[in-house]
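# Survey of secondary and tertiary structure
Next come the chains, spelled out residue by residue.
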Amino acid sequence: MRLPSAFRSLASLAGLLAVTAALLVAPATAASAAGEEADFVSRLNGARAAAGLPRLGVAGDLTSVARSHSERMGRANDLFHNPSLTSQVGDWSSIGENVGYGGSVLTVHNALMNSTPHRDNILSRVYTEVGVGTWIAPTGRVWVTQVFRTPIVASIPVSAPMAGTAAAYAGVLGAPTSYEYAVPGGIAQDFQGGDVYYSAATGARVVMGAIRAEYRALAGPRSALGLPSTDETATPRRFGRYNHFQGGSVYWSPTTGAREVRGAIRGTWARLGWENSALGFPTTKELATPDRIGRFNHFEGGSVYWSPTTGAREVRGAIRGLWAHLGWENSALGYPTTDELGTPDRVGRFNHFTRASIYWTPATGAREVRGTIRDRWASLGWERSPLGYPVSDEYDVPGGRRSDFQRGSITWDARTGATTVR
């Protein structure tokens, strides 16, 4: 199978997206062009449904134009775009075309879906109608033209459950660009400047701008976020925006963009004060850790890491810097088991981790203490012990390991497992 590079061309009024695909595959076995056309429509609408998009309506005038062009290509045995498409099709605000040939509907459809510009036509939120025309060559080769259209937007009515919200945000939303369509748990309608989602539990809610783009990229209502439970709202700090969803939130600021936060990580961030906390706004969406055990979000001022055994814990500042330097959760320290906390003497800060701790003071910086040495230091009273705070990370010495403190050291003997305080 071969798929040559695609090309695009622009119409004078609205973006005409024209993409081509040529496929070298086995001969087709389908008996009729009409059957092939219905199969193509079914497959492209199935792909849209899987992506959480409304089905495209089949328009007879588009189908007629597509059939004629497929026959012209087939008889000429040449793949080319319809040069008269914009004049042959009426009532459009945007229009697009895919053309291709191959041995069967399945192989052509799969090739189109595996090519970014072709897939963009099929999965476009702009288009609401399609016409598919095929021509079957005597060799069995299937020639296909797919014509996509958005009618003049004024002809699309606002769905009744969306009407109040659409009216309230009319200045931002503009006109609808899709009819009402089903999404998991509710219904949705797309507008020029945003999307409106409705369910009995959440009501009609607006998602716009960069938050809308991030929500769509995450698969919208099909994602872990579910449906929006608020409209887009200004943060208390005013320069940010957010939507809460059934399964999380998306927060935006001019410097961080729109980022998803959910689950236990969101719970910790909320407990600490949302974007008004020392963490600030999220700078990543929720991601899996390299060890595939945990999850995390980075924020402007730190990170929140979660694992099944430790929960979601905040790490920031110099402590986070040292933990990152040592290898994050893949280091000897493991995952954080506490948020950053103040020491009882009110001088320092610390985080405990699965197998170690990091302590910080203005005088000593951030230092890690772990294993048996940490246990001995803890038994002596931590930083309130005669040793004070650590001034080094744990390091190798002949026969064992050592950590230095403000007023002494603890050495671990690898042969005996004993520790010595000096």
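Along every chain, residues carry numbers that run from 1 in the direction the sequence is written. Only residues with pLDDT of at least 70 are given local features in this predicted model, and only at 80 or more are side-chain atom pairs given and counted; all residues enter the totals for whole chains, interfaces and linings. Excluded from the side-chain calculations are hydrogens and water; all other atoms, namely the structure's heavy atoms, are used.

### Quick word on the overall build of the protein chain
Where we set the bar: The way it works is that DSSP assigns letters per residue, a run of H or I at least four long becomes a helix, a run of E at least two long becomes a strand, and they are numbered from the N terminus. Taken over C-alpha atoms, the radius of gyration is set against a globule rule of 2.2 Å times the number of residues to the power 0.38. When a residue's accessible area, from a 1.4 Å probe over protein chains only, is under 20% of the maximum for its type it is buried; when over 50% it is exposed; and in between it is partly exposed. Contact criterion: two residues are considered in contact whenever any of their non-hydrogen atoms come within 4.5 Å of each other. The accessible surface values rely on the Shrake-Rupley method and a 1.4 Å probe; as for residues, cover is taken only from the protein chains in view.
When helices and strands are tallied, the protein chain shows 11 helices and 25 strands. A globule of 422 residues ought to have a C-alpha radius of gyration of about 22 Å, yet the protein chain, at 30 Å, is considerably larger. Counting only C-alpha atoms, the protein chain reaches 95 × 50 × 35 Å along its principal axes. Per-residue burial for the protein chain yields a buried fraction of 51% across its 422 residues. In the protein chain, of all internal contacts separated by at least 6 residues, the share reaching a separation of at least 24 is 50%. Carbon together with sulfur atoms contributes 53% to the accessible area of the protein chain, which is approximately 18000 Å² in total.

### Observations regarding the sheet that holds strand β18 (residues 341–342)
Keep this limit in mind: Here, a strand pair is defined by DSSP locating no fewer than two bridges between the strands. What counts as an axis is a line fitted to C-alpha atoms, over the stretch in contact for a helix, and the angles between N-to-C directions run from 0 to 180 degrees.
Strand order in the open sheet made by the four strands is β18-β19-β20-β21, with antiparallel pairing throughout. The open sheet terminates on both sides in strands that have one partner only, identified here as β18 and β21 (365–370). Where strand β20 (residues 356–361) lies against β21, six bridges are found, and the strand directions are antiparallel. Across the sheet, T361 pairs through a bridge with G365, a residue of β21. The sheet contacts of helix α10 (residues 317–326) involve β19 (349–352), β20 and β21, and relative to β21 the element is tilted by about 55°.

### Looking at the packing of aromatic side chains
Stated precisely, the cut-off is as follows: Stacked, edge-to-face and tilted are the three classes for Phe, Tyr and Trp ring pairs, Trp counted by its six-membered ring, which pair at centre distances within 6.5 Å; planes under 30 degrees apart are stacked, over 60 edge-to-face, the rest tilted.
Counted under the stated rule, the structure contains 22 aromatic pairs. For the ring pair W323 and F353, a centre distance of 5.4 Å and an interplane angle of 40° mean the geometry is tilted. Note that W323 is positioned in helix α10 and F353 in the loop between β19 and β20, a separation of 30 residues in sequence. A single burial state applies to W323 and to F353, both of which are buried. When the ring of Y359 is compared with that of W377, the centres are 4.9 Å apart and the planes differ by 80°; the resulting orientation is edge-to-face. With Y359 in strand β20 and W377 in helix α11 (residues 371–380), this residue pair connects regions lying 18 residues apart in the sequence.

### Topic: the nonpolar core
Our working rule: Among buried residues, those of type Ala, Val, Leu, Ile, Met, Phe, Trp, Tyr and Cys that are joined through side-chain atoms within 4.5 Å constitute a nonpolar core.
By size, the foremost hydrophobic cluster in this structure holds 16 residues, and its most contacted members are F40, L44, L56, I122, V130, V132 and F148. Put simply, the parts of the chain that give this core at least two residues each are α1 (33–50), α4 (105–113), β4 (129–136) and β5 (142–150). Setting aside residues no more than four positions away along its own chain, L56 makes contact with L44, N45, R48, Y127, T128, E129, V130 and F148. Residues I211, L218, L225 and V250 belong to the second largest nonpolar core, which totals 13 residues.

### Describing the confidence of the model for the protein chain
The condition is simple: Confidence of the predictor in every single residue is expressed as pLDDT, which spans 0 to 100.
When pLDDT is averaged along the protein chain, the result is 90, and 92% of the positions lie at 70 or above. When the criterion is pLDDT under 50, residues 1–31 qualifies, and its contacts beyond four places in sequence or with other chains add up to 93 contacts.

### Observations regarding the pairing of strand β3 (residues 94–102)
Among the nine residues that make up β3, nine are buried, leaving the element largely enclosed by the rest of the structure. Alternating positions in β3 separate into two faces, S94, G96, N98, G100 and G102 on one and I95, E97, V99 and Y101 on the other, with burial throughout. Bridging between β3 and β5 involves nine bridges; their strand directions are antiparallel. Among the inter-strand pairings, G102 is bridged to a residue of β5, identified as V142.

### Side note on the pairing of strand β23 (residues 400–405)
Alignment of strand β22 (residues 395–397) against β23, held across three bridges, turns out to be antiparallel. In the strand pairing of β23, D396 is matched with R401. Hairpin geometry of β22 and β23 is characterised by an intervening segment of two residues between the two adjacent antiparallel strands and by a positive phi of about 85° at G399. Linkage of β23 to strand β24 (residues 408–413), two consecutive antiparallel strands, is achieved through a turn of two residues.

### Some thoughts on the layout of surface pockets
To keep it simple, the criterion reads: In this analysis, the protein atoms alone were mapped onto a 1 Å grid. Cavities are point sets where a 1.4 Å probe fits without being able to get out; pockets are open sets with protein on both sides within 12 Å along at least five of seven lines; lining residues have an atom within 4 Å of a point. Grid points are joined across faces, edges and corners, and a volume is the space filled by probe spheres set on the points. Following the grouping adopted for this structure description, the nonpolar residues are Ala, Val, Leu, Ile, Met, Phe, Trp, Tyr, Cys and Pro, the charged ones are Asp, Glu, Lys and Arg, and the polar ones are all others, Gly among them.
Roughly 150 Å³ of volume is contained in the largest pocket. Lining the largest pocket are 11 residues; nearest its centre among them are R125, V126, T177, F191 and Q192. Only β7 (186–191) and α8 (209–217) provide two or more residues apiece to the lining of the largest pocket. Class assignment for the residues of the lining of the largest pocket results in three nonpolar, four polar and four charged.

### What about the sheet that holds strand β11 (residues 241–245)?
Here four strands make up an open sheet; going across it, the order is β10-β11-β12-β13 and the pairing antiparallel. Each having just a single partner strand, β10 (233–234) and β13 (257–262) make up the two edges of the open sheet.

### Some thoughts on the pattern of salt bridges
Note the cut-off: Any Lys or Arg side-chain nitrogen found within 4 Å of a carboxyl oxygen on Asp or Glu counts as a salt bridge.
Tallied over the entire structure, the rule returns 21 salt bridges. Linking R370 and E368 is a salt bridge whose minimum nitrogen-to-oxygen distance equals 2.8 Å. With respect to class, R370 is no different from E368; both count as buried. Taken together, the shared-partner salt bridges in this structure form one network comprising E368, R370, E394, D396 and R401.

### Focus on the environment of T107
This is how it is decided: What qualifies as a polar contact is a pair of N or O atoms within 3.5 Å, subject to a donor-acceptor requirement within protein and to the restriction that residues adjacent in sequence count only when both atoms come from side chains.
Relative to the helices and strands, T107 resides in helix α4. Linking T107 and D195, residues 88 residues apart in sequence, is a C-alpha distance of 34 Å. Only 3.0 Å separates the side chain of T107 from the side chain of S104, close enough to count as a polar contact.

### Structural notes on the packing of α1 against α4
Note the cut-off: It is the rotation of the near helix from the far one that decides the hand of a crossing: anticlockwise by less than a right angle makes it left-handed, clockwise makes it right-handed.
It is the contact of α1 with α4, at a shortest axis distance of 10 Å, that shows an interaxial angle of 35°. The crossing of α1 and α4 is right-handed. For the pair formed by α1 and α4, the contact residues are E36, D39, F40, R43, L44 and A47 on the first element and V105, L106, V108, H109 and M113 on the second. Of the residues assigned to the contact of α1 with α4, the class counts are seven nonpolar, one polar and three charged.

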